[in-house]
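Next come the chains, spelled out residue by residue.
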Amino acid sequence: MSDSEPAAKPQPQVSHRGRSAAPIASSNADGEEVPEFEPFGLMPRGPPPLREFLDIWDVNMLRKPDEVNKRQHTTHLYANDHLIVRRGQEFQLKVTFDRPYKPSDDQFAVEFVIGGSPQFSKGTYIPVSVASDRQSPWAGRVLDSADNVVTVGITPAPDCIVGKWRTYVAVVTPYGIRRTRQDESRDVYILFNPWVAADSVFLDDSNEREECVLNEVGVIYHGAFDDVSERPWNFGQFDYGVLDACLFIMDKAAMPITNRGDPIKVARKASAMLNSRDDDGVLVGSWSGDYTYGVAPTSWTGSTEILLNYSSSKMPVCYAQCWVYAAVFNTFLRCLGIPARVVTNFFSSHDNDGNLKTDIILDENGRIDKQRTKDSIWNYHCWNECYMSRPDLPQGFGGWQAVDATPQETSDGMYRCGPASVQAIKHGQICFPFDAPFVFAEVNSDVVFYSRNPRDGTLEPVKVNSSHVGRMVVTKAPGQDTRRDITDQYKFPEGSPEERTVLEKAEEYGCQREKAILPEADVELDMPLIEVRVGDDFELKLEFNNKSGQARTGDVYVSGNVVYYTGVTSSEFLFKTPKVTLDPMKAEKKVIQVRSQDYMRKLVEQANLHFIATGKVKETGQIVTAMRVITLHNPKLSVQVSGLAKVSEEMFVTVEFTNPFKFNLEDVYVRVEGPGVMPPKYKHYSLILAGSSLTWTESFTPRREGPTKLMASLDCAALRQVYGQAQLTVKP
């Protein structure tokens, strides 16, 4: 994977002329003026006598947060003055005429238009008649008529295009159609609707729906499977400007307007557009450690700042790694109404050849051959799941779909991944679109140790670990700040008959596994988990167990490496070769001292230490191995809130941090934000001396009631992944 992504080349603009009568509409921002008067045919001289026909005085979209539409459609949280509704569900508007409406004499319709060159046949021009004898693609009816005011109910089709529609009211006269002029305040956003069974994103579980559509505060899991760390994230899907930024992403991708009602196409297009590799998408990925020309991935606290920067600058935002891609993608999906969640897979294989094997090469003494070992296993990898039906797949493969915006491998020529049915992955049915073999390998690869013959270079498998990769898949539990283990949704229990059947099924579709049957070793090696803080000296324990009735001896090679979370080694800081003698049926411990001065200068941003021990039993020639990832725990930020927690009342947040190290921290950025209460803010400190503290107090004014969080991060080259949060409940 490259350290940073090159800017995409501008795509040549090819004329449509000679191929079709009009270009394909691919921008929600485009729109033509619809004529205010559309004559039916030849007109009499002079202006037509329209006075006896209905004249429209006002159109009230009932778009305020406390009015009926946004409450019924669960869109009242959006910081947006326009009407926002969900498809497949009725909304209301009030039309005021110059006189009382007479159903027997008067004809009027509400027209909805999206994109350029709107056409009825393409579903981009929708006239909705309120007369019962007229058929419309969307249902319309008169709910109430009092004096001059008519209340109209309109139900968009449950598969209609998602985006920003322009609204007109048109009155039919004998001479032609007379309509309101374009008024931006009457524009209406129509979103996917997981509350309505006819919508393809319908989610029947109310707790899951509340979490995966409406919750703005997320928890992203990282670290190691047996030492899970977590960080808060402000998805901010309701923040000011975010909805328009999400529509801009589809415009920037030149996605045809007519495809924007299909969540499969929307999710697939967005998985390409969230990274900048081919298409000037949202985020530039970097794993280099040098973030001079942007924001370090570990510094971000939410999606809002990223999306607003992208929509205003029209340029990719620097920088991201997998959890940033997943978090911003989650915001995009939830904002448009597609249920979505961020998942973390611990020990995630990056399989670029589909062979379901991660190869580790050993020399004849049992020591790792670093020149020839090219594969890596990510300590963890974050992607997304979105919920939708899959009419393009056999029955049973709808529901949660894996999608991934992190640019790892190309799919159909672009860096994207998914949507891949999680059910299909679990059952080995990886022949179905999209990218199921890649996700299957991420959770199912074997780690195979090979001994290399120095004479002819041949490789012989000496040990297979089939349970290391995909050790645990987790996501946030609905309505709680706790994690939920969803490994069983991706695969059957290790070693179960079902798992064997699934792997055989995957092999039918081209995946290859290591078939060698190796004798069971009679010597076991384990490295127990230890919890270590950044800057600590600690003891690494090797536990040997001889299960045979004879003595066993051997040389063990212990390598300690600073690794990126992608599993790529940055530098080796420790190498020991203890000799081991084991009595029959006995256990033995070896202790290796690890000093902070050896690893601190070499740390990279995720503060991961990776220890691997390999050795060869002299009496039997068997290989023993053990691997351990130690995530160094960082100090925390203190986040305190003061003031009266009421809407529109000024409050204060104080972020405090003490440098616990014997060295100074330079070029430090502190960020803080909270959905519904505080936009993203940051402060730069050029120096925090060893042992000294910083205190930053910032004012904010909550704009809406309810429980929320303030999230803060501290970030510098010497110390990454420092977070804190405070909870508060805002009263009306």
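Residues numbered from 1 in each chain as written. Predicted model: local features only at pLDDT ≥ 70, side-chain atom pairs only at ≥ 80, totals over all residues. Heavy atoms only, no water.

Enquirer: Just to check I follow, could you spell out the overall build of the chain for this structure?
Expert: A count of helices and strands for the chain gives eleven helices and 41 strands. For 732 residues, the compact-globule estimate of 2.2 N^0.38 gives 27 Å, and the chain sits close to it at 30 Å. Within the span of the chain, comprising 732 residues, buried residues form 54% of the whole. Taking as baseline every contact in the chain between residues at least 6 positions apart, the subset at least 24 positions apart corresponds to 69%. On the chain, the mean spot of the 80 positive side-chain charges and the mean spot of the 96 negative ones are 1 Å from each other. (Helix = DSSP H or I, 4+ residues; strand = E, 2+ residues; numbered from the N terminus. Rg over C-alpha atoms; globule rule 2.2 N^0.38 Å. Buried < 20%, exposed > 50% of the residue type's maximum accessible area, 1.4 Å probe, protein only. Contact = heavy atoms within 4.5 Å. Lys, Arg positive; Asp, Glu negative; His and termini not counted. Charge placed at Lys NZ, Arg CZ, Asp CG, Glu CD.)

Enquirer: Mind showing me how you'd approach the UniProt feature "binding site: Ca(2+)" (unreviewed entry) in the chain here?
Expert: Per the UniProt entry, the sites bearing "binding site: Ca(2+)" (unreviewed entry) are Asn-444, Asp-446, Glu-494 and Glu-499 in this numbering. Spanning 56 residues, the annotated positions come together in the fold, the maximum distance between their C-alpha atoms being 13.2 Å. Relative to the helices and strands, Asn-444 is located in helix H8 (residues 436–444). Using a relative accessible area of 7% as the deciding quantity, one classes Asn-444 as buried. (UniProt positions renumbered as here; feature names shortened; annotations may be inferred.)

Enquirer: Sorry, what's going on with helix H5 (residues 304–313) here?
Expert: Each full turn of the α-helix corresponds to 3.6 residues, which orients residues three or four apart in the same direction. Here H5 has its buried residues at Thr-304, Glu-305, Ile-306, Leu-307, Tyr-310 and Ser-311. Phi turns positive one or two residues past the end of H5, at Lys-314, with a value near 60°.

Enquirer: Looking at this structure, I do not really get the pairing of strand E12 (residues 217–224). What am I missing?
Expert: If a strand is regular, its side chains alternate between the two faces of the sheet. Extensive coverage of E12 is indicated by the burial of eight of its eight residues. With eight bridges joining them, E12 and strand E13 (residues 227–234) adopt antiparallel strand pairing. Pairing of Gly-218 across the sheet is with Trp-233, part of E13. Linking E12 to E13, which pair antiparallel, is a turn of two residues. (Pairing = 2+ DSSP bridges.)

Enquirer: Hey, could you run me through the sheet that holds strand E41 (residues 719–730) in this one?
Expert: In spatial order, the strands read E38-E37-E40-E41; together these four strands make up an open sheet with antiparallel pairing. Among the strands making up the open sheet, the edge pair consists of strand E38 (678–688) and E41. Ignoring which end each strand starts from, the neighbouring axes of this sheet average 15° apart. Strand direction decides the pairing type here: strand E37 (residues 665–674) and E38, joined by eight bridges, are antiparallel. Note on E38: the bridge partner recorded for Val-672 is Lys-681. (Axes fitted to C-alpha atoms, helices over the stretch in contact; angles between N-to-C directions.)

Enquirer: Quick question: what am I supposed to make of the packing of helix H4 (residues 263–273) against helix H6 (residues 322–336) here?
Expert: Angle between the axes and distance between the axes: these two values describe a pair of packed helices. Two elements in contact, H4 and H6, have axes separated by 11 Å at closest approach and are oriented at 150°. The pairing of H4 with H6 is recorded here as roughly antiparallel in orientation. When you trace H4 past H6, the crossing you get is right-handed. Residues Val-266, Ala-267, Ala-270 and Ser-271 of H4 lie in contact with H6, whose contacting residues are Phe-329, Phe-332, Leu-333 and Leu-336. Classifying every residue of the contact of H4 with H6 by side-chain character gives seven nonpolar, one polar and no charged. (Parallel < 35°, antiparallel > 145°, perpendicular 65-115°, else oblique. Left-handed = near helix turned anticlockwise from the far one by under 90°. Nonpolar A, V, L, I, M, F, W, Y, C, P; charged D, E, K, R; others polar.)

Enquirer: Mind showing me how you'd approach the state of the cysteines here?
Expert: Two cysteines whose sulfur atoms are joined by a covalent bond form what is called a disulfide. Counted according to the given criterion, the structure contains zero disulfides. Sulfur of Cys-417: no disulfide; nearest cysteine sulfur belongs to Cys-386 and is 11 Å away. Free of any disulfide, Cys-716 has its nearest neighbouring cysteine sulfur in Cys-318, separated by 20 Å. Cys-716 gets classed as buried once you look at its relative accessible area, which sits at 1%. (Disulfide = S-S within 2.5 Å.)

Enquirer: Would you explain the packing of aromatic side chains in this entry?
Expert: Two measures describe an aromatic ring pair: the distance that separates the ring centres and the angle between the ring planes. Here the structure, examined in full by the defined rule, presents 24 aromatic pairs. Their ring planes at 65° and their centres at 5.1 Å tell us that Trp-138 and Trp-165 sit as a pair that is edge-to-face. Of this pair, Trp-138 sits in the loop between strand E6 (125–129) and strand E7 (139–146) while Trp-165 is found in strand E9 (residues 163–173), placing the two residues 27 residues apart along the sequence. Judged by relative accessible area, which is 2%, Trp-138 ranks as buried. Pairing Tyr-380 with Tyr-565 gives two aromatic rings, centres 4.8 Å apart and planes at 25°, and the pair type is stacked. Taken as a pair, Tyr-380 in strand E18 (residues 377–388) and Tyr-565 in the loop between strand E29 (552–563) and strand E30 (569–576) lie far apart in primary sequence, 185 residues in all. Grouped by ring-pair contacts, the aromatic residues Phe-91, Phe-112, Trp-138 and Trp-165 constitute a single cluster. (Phe/Tyr/Trp six-rings, centres within 6.5 Å; stacked < 30°, edge-to-face > 60°.)

Enquirer: Help me understand the domain arrangement of the chain, please; the structure alone is not making it clear to me.
Expert: One widely used convention gives an interface's size as the accessible area the parts lose upon coming together. What the domain assignment lists for the chain is domain 1 (37–191), domain 2 (212–509), domain 3 (523–631) and domain 4 (638–730). Distance between the C-alpha centres of domain 1 and domain 2: 42 Å. On the domain 2 side, the residues contacting the 20 residues of domain 1 number 18 residues. By the criterion of area lost to domain 2, the three top residues of domain 1 are Leu-77, Tyr-78 and Val-162, representing 34% of everything that side buries. Between domain 1 and domain 2 we count zero salt bridges in total. Remark: the boundary between domain 1 and domain 2 carries five residue pairs in polar contact (both at pLDDT 80 or more). Those elements that provide at least two residues to the side of domain 1 that touches domain 2 are strand E3 (83–86), E9 and strand E11 (188–191). A breakdown of the residues in the side of domain 1 that touches domain 2 according to their chemical character gives ten nonpolar, five polar and five charged. (Domains from an automatic or database assignment. Buried area = accessible area lost by both parts, 1.4 Å probe. Salt bridge = Lys/Arg side-chain N within 4 Å of Asp/Glu carboxyl O. Polar contact = N/O pair within 3.5 Å; in protein donor to acceptor, adjacent residues only side chain to side chain.)

Enquirer: Mind showing me how you'd approach the UniProt feature "active site" (unreviewed entry) in the chain here?
Expert: Mapped onto the present numbering, the UniProt feature "active site" (unreviewed entry) falls at Cys-322, His-381 and Asp-404. These residues run over 83 residues, yet every pair of their C-alpha atoms falls within 9.9 Å of each other. If you trace the backbone, Cys-322 turns up in helix H6. Discounting residues that sit within four places of it in the chain, Cys-322 has contacts with Trp-287, Trp-378, Tyr-380, His-381, Cys-382, Thr-406 and Tyr-565. Along the polypeptide, Asp-404 turns up in strand E19 (residues 399–404). Taking the relative accessible area as the measure of exposure, Asp-404 reaches 3% and is therefore buried. A distance of 2.7 Å separates polar atoms of two side chains, one belonging to Asp-404 and the other to His-381.

Enquirer: What am I meant to see in the packing of helix H3 (residues 242–252) against H6 here?
Expert: At their nearest, the axes of H3 and H6 sit 10 Å apart, and the two run at 105° to each other. Compared by their axis directions, H3 and H6 come out roughly perpendicular. Contact residues: Val-242, Leu-243, Cys-246, Leu-247, Ile-249 and Met-250 in H3; Thr-331, Phe-332, Cys-335 and Leu-336 in H6. The residue inventory of the contact of H3 with H6, partitioned by class, reads nine nonpolar, one polar and no charged.

Enquirer: Teacher, can you tell me more about the nonpolar core here?
Expert: One broad rule of soluble globular proteins: the nonpolar side chains tend to lie buried together. In this structure, Leu-283, Trp-323, Val-324, Phe-332, Leu-333 and Leu-336 are the most contacted members of the largest nonpolar core, which totals 69 residues. Element by element, the count of residues in this core is highest for H6, at twelve residues. Per-domain counts for this core show at least three residues from each of domain 1 (37–191) and domain 2 (212–509). Counting residues in each nonpolar core, the second largest holds 58 residues, with Val-558, Val-604, Val-624 and Val-655 among its members. (Core = buried A, V, L, I, M, F, W, Y, C linked by side-chain atoms within 4.5 Å.)

Enquirer: Can you help me understand the sheet that holds strand E22 (residues 417–421) in this one?
Expert: By definition, the strands of a sheet pair up through backbone hydrogen bonds, in either a parallel or an antiparallel sense. Ordered by their spatial adjacency, six strands build an open sheet running E22-E19-E18-E16-E25-E26, and the pairing between neighbours is antiparallel. In this open sheet, the two edge strands, each paired with only one partner strand, are E22 and strand E26 (483–485). Going across the sheet, the axis of each strand differs from the next one's by a mean of 30°, ignoring polarity. Pairing between E18 and E19: five bridges, direction antiparallel. When the sheet's bridge partners are listed, Met-388 is paired in E19 with Gly-399.

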